[in-house]
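For reference, the chains in residue letters:
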Amino acid sequence: MALGMIECYGFATAVVVADAACKAADVEIVALDKNKPANADAVFVPLVMVVKMEGSVAAVEAGMEAGIGEAKKRNLFITSKIIANRSPEM
């Protein structure tokens, strides 16, 4: 089981990213999390979201590719990470 995370700007973008990932591969969206940078109160910082998905390594890789593509099309992609074989304790 793999875990994939895509960080992007905006809630609507996160929903589009999650939709693209699910349509591209057999992944399950396990969370849409809001991140708040440490200095967000000092300056205007747009909403940062993380889309988290699980599935086989191949499925997560395909879902991530599709989701990242959607975020990049909107110039709202920040970063991504795949944990290919997470610990059984998680």
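These numbers come from a predicted model, not from an experiment.

Rules used in this analysis
- Residues numbered from 1 in each chain as written.
- Predicted model: local features only at pLDDT ≥ 70, side-chain atom pairs only at ≥ 80, totals over all residues.
- Heavy atoms only, no water.
- Pairing = 2+ DSSP bridges.
- Helix = DSSP H or I, 4+ residues; strand = E, 2+ residues; numbered from the N terminus.
- Axes fitted to C-alpha atoms, helices over the stretch in contact; angles between N-to-C directions.
- Contact = heavy atoms within 4.5 Å.
- Buried < 20%, exposed > 50% of the residue type's maximum accessible area, 1.4 Å probe, protein only.
- Phe/Tyr/Trp six-rings, centres within 6.5 Å; stacked < 30°, edge-to-face > 60°.
- Lys NZ or Arg CZ within 6 Å of the ring centre and 35° of its normal.

Caption draft 1: Local environment of the sheet that holds strand E1 (residues 2-9). Pairing in this open sheet of four strands is antiparallel, and the strands run E2-E3-E1-E4 from one edge to the other. At either margin of the open sheet sits one strand with a lone partner, and together these are strand E2 (28-35) and strand E4 (77-83). Pairs of neighbouring strands in the sheet enclose a mean axial angle of 15°, with direction left out of account. Where E1 and E4 come together, six bridges link them in antiparallel fashion. Among the inter-strand pairings, Leu3 is bridged to a residue of E4, identified as Ile83. Together, E1, strand E3 (48-55) and E4 form the strand contacts of helix H2 (residues 57-73), whose direction differs from that of E1 by roughly 5°.

Caption draft 2: Seen up close, the environment of Asp19. Mapped onto the secondary structure, Asp19 falls in helix H1 (residues 11-24). What makes Asp19 partly exposed here is its relative accessible area of 37%. When the C-alpha positions of Asp19 and Ile29 are compared, they lie 9.0 Å apart, and in sequence the two are 10 residues distant.

Caption draft 3: Region of interest: unusual backbone geometry. The phi angle at Asn75 is positive, at roughly 55°, despite the residue not being glycine. Among the secondary structure elements, Asn75 is positioned in the loop between H2 and E4. Overall, the relative accessible area of 68% leaves Asn75 in the exposed class.

Caption draft 4: Inspection of the packing of aromatic side chains at higher detail. Taken as a whole and judged by the stated rule, the model has zero aromatic pairs. For the cation-ring pair, Lys72 lies above Phe77, with the distance from its terminal atom to the ring centre recorded as 5.2 Å.

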